[in-house]
Amino acid sequence: MLGAVAGAHGTHGELRVRWLGDGPGNLMRAKRIALGRDAGDPGSRWYEVDRAAPGRGREVRVELKGVETREGAEALAGLLAMVEMTDLEPLPPGEHYWFEWIGCTVYASDGRTLGTVRELWDAGAHDVLVVEDQTGRELLLPVAQALLREVDVAARRIVIEVPEGLVPSAE
């Protein structure tokens, strides 16, 4: 997932896409993107990108073939912008794209299962994992390098050192 459609820009179908992750580079370079609710959305639709340009804040303005009106652009608000993995810029060893963490099981370094990654937030000083435990409760866990013990996206496994008091005890 490269970003989320925030809404329309102007009257000719241009989209405002809020980029996710470390920067807008992959979104700015994309030749085509899929828009859908999530990566497994059978209703996702592919679009060719006519143009992408920096927008305000953490946004990129994107023009897509076939989206030519403000109403057409507004109808796409809330959808995620995705590309094929092969279209992404390769990362150095040990680095991962945020979307690769979604769905991974998170374990405390003492072996406890904490839950499943539902999303990540950019919180300034460090990112935050939003983890849903088996009861449906959300846990917010810092993604600080000093706390990460293991990230194995192929095995869908993340191990984190949990500071005392950060995660409520199971009762």
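Numbers given for residues are sequential positions, taken from 1 along each chain in its written order. Local features in a predicted model are, by the rule used here, given only for residues with pLDDT of at least 70; side-chain atom pairs are given and counted only at 80 or more, and totals for whole chains, interfaces and linings are based on all residues. For side-chain calculations, the full set of non-hydrogen atoms in the structure is used, while hydrogens and water are omitted.

Asks: Just to check I follow, could you spell out the pairing of strand 10 (residues 138-143) for this structure?
Replies: On any regular strand, side chains alternate: one points to one face of the sheet, the next to the other face. Any two strands are treated as partners once DSSP identifies two or more bridges connecting them. For the purposes of this entry, the term helix denotes a DSSP run of H or I that reaches at least four residues, the term strand denotes a run of E that reaches at least two, and both are numbered from the N terminus. Where strand 9 (residues 127-132) and strand 10 come together, six bridges link them in antiparallel fashion. Looking at the pairing, V131 lines up with L139 of strand 10. Between strand 9 and the antiparallel strand that follows it, strand 10, lie five residues; G136 among them carries a positive phi value of about 95°.

Asks: Would you mind showing me how to read the environment of R137 here?
Replies: Mapped onto the elements, R137 comes out in the loop between strand 9 and strand 10. Spatially, the C-alpha atoms of R137 and R51 are 41 Å apart, while their sequence positions differ by 86 residues. By the convention used here, residues are in contact when the closest approach between their heavy atoms is within 4.5 Å. Residues in contact with R137, not counting those within four places in the same chain, are V131, E132 and P168. Reaching out from R137, the side chain makes a polar contact with the side chain of D133 at a distance of 2.8 Å. We define a polar contact as two N or O atoms separated by no more than 3.5 Å, with the added condition that, inside protein, one atom must be a possible hydrogen donor and the other a possible acceptor, whereas residues neighbouring each other in sequence contribute only through side-chain atom pairs.

Asks: Would you explain the pattern of salt bridges in this entry?
Replies: Should the charged atoms of two oppositely charged side chains come close, the side chains can pair. The term salt bridge refers to a side-chain nitrogen of Lys or Arg lying within 4 Å of a carboxyl oxygen of Asp or Glu. Taken as a whole and assessed by the stated rule, the structure comprises 13 salt bridges. Its salt-bridge partner being K65, residue D50 comes within 2.7 Å of it at the nearest N-O pair. Linking D50 in strand 4 (residues 45-54) with K65 in the loop between strand 5 (59-64) and helix 2 (70-74), this pair joins segments that are 15 residues apart in sequence. For the exposure calls, accessible area comes from a 1.4 Å probe over protein chains only, and a residue counts as buried if that area is under 20% of its type's maximum, exposed if over 50%, partly exposed in between. For D50, a relative accessible area of 44% corresponds to the partly exposed category.

Asks: It is not clear to me how unusual backbone geometry should be interpreted in this structure. Could you clarify?
Replies: Glycine aside, residues mostly have negative phi angles, and peptide bonds mostly take the trans form. Even without being glycine, R156 reaches a positive phi, approximately 60°. For R156, the location among the structural elements is in the loop between strand 11 (148-152) and strand 12 (157-160).

Asks: Would you mind showing me how to read the packing of aromatic side chains here?
Replies: What characterises a pair of aromatic rings is the spacing of the ring centres plus the angle enclosed by the ring planes. Stacked, edge-to-face and tilted labels apply to pairs of Phe, Tyr and Trp rings (six-membered ring for Trp) whose centres lie within 6.5 Å, assigned for plane angles under 30 degrees, over 60, and everything in between, in that order. Applying the stated criterion to the full structure yields zero aromatic pairs. Against the face of W46 rests R32, its NZ or CZ located 4.0 Å from the ring centre. Put simply, a charge is over a ring when the Lys NZ or the Arg CZ is close to the ring centre, within 6 Å, and near the line of the ring normal, within 35 degrees. Stacked on the ring of W19, the Lys or Arg R58 has its end atom at 3.9 Å from the ring centre.

Asks: Whenever I open this one, the side chain of D133 confuses me. Can you help?
Replies: The topology assignment puts D133 in the loop between strand 9 and strand 10. Of the residues examined, D133 reaches a relative accessible area of 9% and is grouped as buried.

Asks: Is there a simple way to explain the nonpolar core in this structure?
Replies: Across soluble globular proteins, nonpolar side chains show a tendency to be buried alongside one another. Put simply, a nonpolar core is a bunch of buried Ala, Val, Leu, Ile, Met, Phe, Trp, Tyr and Cys residues held in one set by side-chain atoms that sit within 4.5 Å of each other. In terms of nonpolar packing, the biggest core is built from 23 residues, with L15, V17, I33, L35, L64 and L76 touching the most fellow members. Every element with two or more residues in this core is listed here: strand 1 (3-9), strand 2 (14-19), strand 3 (32-36), strand 4 and strand 5. L64 has contacts with L15, I33, L35, Y47, E48, V49 and D50, leaving out every residue within four places of it along the chain. If you look at the next biggest cluster of nonpolar residues, it comprises 20 residues, including C104, L120, L129 and I160.

Asks: Could you clarify how one ought to interpret the sheet that holds strand 12 in this entry?
Replies: In a beta sheet, neighbouring strands are held together by backbone hydrogen bonds and run either parallel or antiparallel to one another. In space, the six strands of this open sheet follow the order 10-9-8-7-12-11, with mixed pairing throughout. Strands with a single pairing partner mark the edges of an open sheet, and in this sheet they are strand 10 and strand 11. For this sheet, the mean angle separating the axes of adjacent strands, direction not counted, is 35°. With four bridges connecting them, strand 7 (residues 105-108) and strand 12 associate as parallel partners. Looking across to strand 12, one finds that Y107 is bridged to V159. Whenever a helix is involved, its axis is fitted only over the stretch in contact; in every case the axis is a line through C-alpha atoms, and angles between N-to-C directions fall within 0 to 180 degrees.

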